[in-house]
Protein chains: 2
Amino acid sequence: MARTLEVCLSPSLIPHYEIDGRIVVVIDIFRATSSICYGFENGALEIIPVATVEECKSYEGDSYLLAAERNGEVVEGFNFGNSPFSYTSEKVSGKKIVLTTTNGTHAINKAKNAEKIVIGSFLNLDSLSNWLNEQNNDVLLLCSGWKNKFNLEDTLFAGAIVHQVKGHIEKLCDAAIAAEDLYLKAKEVGLREYLYKSSHSQRLKELNIEDDIQFCLKQNICSVIPILKNNKLVPMQ
Amino acid sequence: MARTLEVCLSPSLIPHYEIDGRIVVVIDIFRATSSICYGFENGALEIIPVATVEECKSYEGDSYLLAAERNGEVVEGFNFGNSPFSYTSEKVSGKKIVLTTTNGTHAINKAKNAEKIVIGSFLNLDSLSNWLNEQNNDVLLLCSGWKNKFNLEDTLFAGAIVHQVKGHIEKLCDAAIAAEDLYLKAKEVGLREYLYKSSHSQRLKELNIEDDIQFCLKQNICSVIPILKNNKLVPMQ
C-alpha cells in the first residue's frame, strides 16, 4: 500500500486532514514536545496533557507535578512550565506530571482519534524517524504553531522528519515538500542562525529563554518516543 | 508607523489574523487570480466573485458571462471556468463576469472586512508590488490553498511579493519568511521545475492544463491591479 505523509501547519487546519488510522506526530519545538521527550528520557513515568489551566489545577494534591505555561511563561502557582530544564532527572524521575501549554497540548487534544499519537522534537529525531520507517500507517506531522499561526521551528522539525523518512513514503503533500526544503536551507546556515530571522524566536528571545532554545535544537540526545495511551503520554516500550 | 506583513497560508486560518484596516492580497495562482488579472488586462469591466455555483447561476440571463469551476473543471452548463485562455480580449472585452471557483472566491469572501482587497498573480507581480510599496497599511497575503490545505504555488507567489516589498516593511511573520525562502529556492531551479515536485501540480497535470500552468507562471504580462469595490472586482484606477 502506498504510504502518505502530510504536514499540517496549524492545529486549526486539522479538520481538513485524515486522522483515523494514521500516526500523528505532535510537534511543539519551543518547548512542550522537547520538554516531554527530555522528561521521559529522565525517568518521568507519565505526562498527562490537558487543555486548560483549570483542568491542570484539578490534579493538585494527587502527587502530580503540575506544569502550566501560557504565552511562554510559567502560570503563577504552578511547579513549572515547559522549560526543558524543569524536566531533569532530579526533578521528574519516577514522577507523574500534568501539563498544559499554549500550543502543544491543544494539538494533542485535537488529534485524539489517530491510530497512534507520538511526540517529536529534535531531541529524539533519529529514534522517531527510524520508528516511523518501520510502520505501515500513513503519517501526519502536526505542527502546533503559535496561537494557530504557522511557525518556523515546528515546520523545520517537520522538514527534518520528512528528510529522514521520505525514502519510505510514496506520497508527500505540498507542505511536506516545503518543510523539507526549509529544513535543508536552515541546515546550511545552522538552525539557530536561521531562526534569528523568525519573529517568533525574537519574541522568545525577549522572554529570556535563549538557553532553552539552544537546548531544544540539540539533536538526538534522547532515544525515547513518547506515545499517548489512555489519554496519558508514556514512553513507548 | 511600523508596517507589518503577514502571510496566511489557508483561508481556514483567516480567523487568526487581523483583517480590519489591512490590505488583503488574494492569491489563487492555479488559476482564479491569474485569470482575473488577465481578464481585466483584456478589457473585462467587472468580475463578481460568488461563493456557490447556485449563486453564480442566479445571474443567468442578465448579460453576464458565467464562470464556474469545481475541482479544476468547468461546471456543466457554464460558459467557462477559470482557465486564463477563457479570459482573452475576444471573449471578455467589455463584458461583466460572475465567477465561482473551488478556492479563490472562497478566500475573497472570507476577507470582506479588509480596508482593501486586491488580486495578485505572477502576471501582475511588479505592478502589485510597486503599489503595495506606496501604501501605509499593514498587508495580509492570503493564499487560497487547495481545499483549505497549504499549496506550493500560492506560497511561492506570496514569497515573490515578500521579496519585492520587504524593504518597505518592518515586521514579517514566520510564514512570510518561509514563503520568501521557498520562492528564492524555487527561482534557482525555475518555478515550473520546482512545482513538478508538488502533489498539487501533479494533480493539475492529470487535468491536462499544462498550458494554463505555464501561462500562470509568466511574470508581469499584466499591469492591472484588480480591486474589490461594492462586492465586485474592478480594475484599480
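Our subject is the structure that appears above.
The rules behind each value
- Residues numbered from 1 in each chain as written.
- Chains lettered and ligands numbered in written order.
- Predicted model: local features only at pLDDT ≥ 70, side-chain atom pairs only at ≥ 80, totals over all residues.
- Heavy atoms only, no water.
- Helix = DSSP H or I, 4+ residues; strand = E, 2+ residues; numbered from the N terminus.
- Rg over C-alpha atoms; globule rule 2.2 N^0.38 Å.
- Buried < 20%, exposed > 50% of the residue type's maximum accessible area, 1.4 Å probe, protein only.
- Areas by Shrake-Rupley, 256 points an atom, 1.4 Å probe, with all protein chains shown as cover.
- Salt bridge = Lys/Arg side-chain N within 4 Å of Asp/Glu carboxyl O.
- Least-squares fit on C-alpha atoms with pLDDT ≥ 70 in both.
- Contact = heavy atoms within 4.5 Å.
- Pairing = 2+ DSSP bridges.
- Axes fitted to C-alpha atoms, helices over the stretch in contact; angles between N-to-C directions.
- Parallel < 35°, antiparallel > 145°, perpendicular 65-115°, else oblique.
- Phe/Tyr/Trp six-rings, centres within 6.5 Å; stacked < 30°, edge-to-face > 60°.
- Expected span 1.5 Å × (residues − 1).

**Student:** Any chance you could explain the overall build of chain A here in plain terms?
**Tutor:** Scanning chain A from terminus to terminus reveals 10 helices and 11 strands. Taking 18 Å as the expected radius of gyration for a compact globule of 237 residues, we find that chain A reaches 16 Å, a close match to that expectation. By its C-alpha atoms, chain A is 50 × 40 × 30 Å across when sized along the principal axes. Counting across all 237 residues of chain A, residues that qualify as buried make up 63%. For chain A, the accessible surface area stands at approximately 9,000 Å², while carbon and sulfur atoms represent 44% of it.

**Student:** What is the right way to look at the pattern of salt bridges in this model?
**Tutor:** Side-chain pairs of opposite charge can arise where the charged atoms are in close proximity. Residues and elements named next belong to chain B. Evaluation of the coordinates by the stated rule reveals 14 salt bridges over all chains. As a salt-bridge pair, Lys166 and Glu180 come within 2.9 Å of each other at their nearest N and O atoms. Of this pair, Lys166 sits in the loop between helix H6 (152-165) and strand E9 (171-172) while Glu180 sits in helix H7 (residues 174-189), and the two are 14 residues apart along the sequence. Residue Lys166 is classed as partly exposed on the basis of its relative accessible area of 37%.

**Student:** What should I look at first to understand the relation of the copies chain A and chain B in this one?
**Tutor:** Put simply, the two copies of the chain differ by a rotation about an axis and a shift along that axis. Rotating chain A by 180° and translating it 0.0 Å along the rotation axis places it on chain B, where the RMSD comes to 0.0 Å. Those values place the two copies in the arrangement expected of a two-fold rotation axis. Looking at the interface residues of chain A, 100% of them are also at the interface in chain B, so both copies use one shared face.

**Student:** Just checking my understanding: could you explain the environment of B:Gln219 for this structure?
**Tutor:** All names here are of chain B. Locating Gln219 in the fold gives a position in the loop between helix H10 (210-216) and strand E10 (226-229). Note: C-alpha distance between Gln219 and Leu123 (96 residues apart in sequence) is 4.7 Å. Gln219 has contacts with Phe122, Leu123, Leu125, Tyr183 and Leu191, leaving out every residue within four places of it along the chain.

**Student:** Sorry, what's going on with the pairing of strand E11 (residues 232-235) of chain B here?
**Tutor:** Where a strand is regular, its side chains alternate between the two sheet faces. Residues and elements named next belong to chain B. Pairing of E10 with E11, which is carried by 4 bridges, proceeds in the antiparallel orientation. Paired with Lys229 across the two strands is Lys232, which belongs to E11. Connecting the antiparallel pair E10 and E11 is a turn made up of 2 residues, with Asn230 showing a positive phi of about 50°.

**Student:** Sorry, what's going on with the packing of helix H6 (residues 152-165) of chain A against helix H7 (residues 174-189) of chain A here?
**Tutor:** When two helices pack together, their arrangement is captured by the angle between the axes and the distance separating the axes. All names here are of chain A. Orientation of H6 relative to H7, taken along the N-to-C sense of each, is 100°, at an axis distance of 7 Å. Classed by the angle they form, the pair H6 and H7 counts as roughly perpendicular. Contacts between H6 and H7 pair Thr155, Leu156, Ala158, Gly159, Ala160, Val162 and His163 from the former with Ala176, Ala179, Glu180, Leu182, Tyr183, Leu184 and Ala186 from the latter.

**Student:** Would you explain the interface of chain A and chain B in this entry?
**Tutor:** Facing the 28 residues of chain A at the interface are 28 residues of chain B. In this assembly, chain A and chain B are joined by 4 salt bridges. A salt bridge links A:Lys149 to B:Glu6; its shortest N-O distance comes to 2.9 Å. Those elements giving two or more residues to the side of chain A that touches chain B turn out to be H6, H7 and helix H9 (199-206) of chain A.

**Student:** How do you make sense of unusual backbone geometry when you look at a structure like this?
**Tutor:** Backbone geometry follows two general trends: most residues other than glycine have a negative phi, and most peptide bonds adopt the trans configuration. The omega angle of the peptide bond from A:Phe30 to A:Arg31 is 10°, so this bond is cis rather than trans. Note on placement: A:Arg31 falls in the loop between strand E2 (23-27) and helix H1 (32-41). For B:Lys147, which is not a glycine, the phi torsion comes out positive at approximately 50°. If you trace the backbone, B:Lys147 turns up in the loop between strand E8 (139-143) and H6. A residue is classified by how much of its surface remains accessible, and B:Lys147, at 42% relative accessible area, is partly exposed.

**Student:** Explain the packing of aromatic side chains to me, please; I cannot follow it from the model alone.
**Tutor:** Geometrically, a pair of aromatic rings is defined through the distance of the ring centres and the angle of the planes. Evaluated as defined, the whole model comprises 10 aromatic pairs over all chains. Ring geometry for B:Phe80 versus B:Tyr87: centroids 5.0 Å apart, planes at 80°, classification edge-to-face. For B:Tyr87, a relative accessible area of 0% corresponds to the buried category. Clustering of aromatic rings is evident, with ring pairs tying together A:Tyr38, A:Phe85 and A:Phe215.

**Student:** Quick question: what am I supposed to make of H7(A) here?
**Tutor:** In an α-helix, one full turn covers 3.6 residues, which means residues spaced three or four apart are oriented alike. All names here are of chain A. The end-to-end C-alpha distance of H7, which contains 16 residues, comes to 24 Å, matching closely the 22 Å that a straight helix rising 1.5 Å per residue would cover. When we look at burial in H7, the residues that qualify are Asp174, Ala175, Ala176, Ile177, Ala178, Ala179, Glu180, Asp181, Leu182, Tyr183 and Ala186. After H7 finishes, the residue Gly190 shows a positive phi value of roughly 100°.

**Student:** Is there a simple way to think about the pairing of E8(B) in this case?
**Tutor:** Residues and elements named next belong to chain B. In terms of residue burial, E8 counts as a mostly covered element, since 5 of its 5 residues are buried. Because side chains alternate across E8, one face comprises the buried residues Val139, Leu141 and Cys143, and the other comprises Leu140 and Leu142, equally buried. As paired elements, strand E2 (residues 23-27) and E8 share 5 bridges and run parallel to each other. Of the residues in E8, the one forming a bridge with Val26 is Leu142.

**Student:** I would appreciate a short explanation of the environment of B:Gly21 in the present structure.
**Tutor:** Residue and element names in this part refer to chain B. If you trace the backbone, Gly21 turns up in the loop between strand E1 (4-8) and E2. Exposure remark for Gly21: the relative accessible area of 38% places this residue in the partly exposed category. Those residues in contact with Gly21 that lie beyond four places of it in its chain are Glu115 and Asn137.

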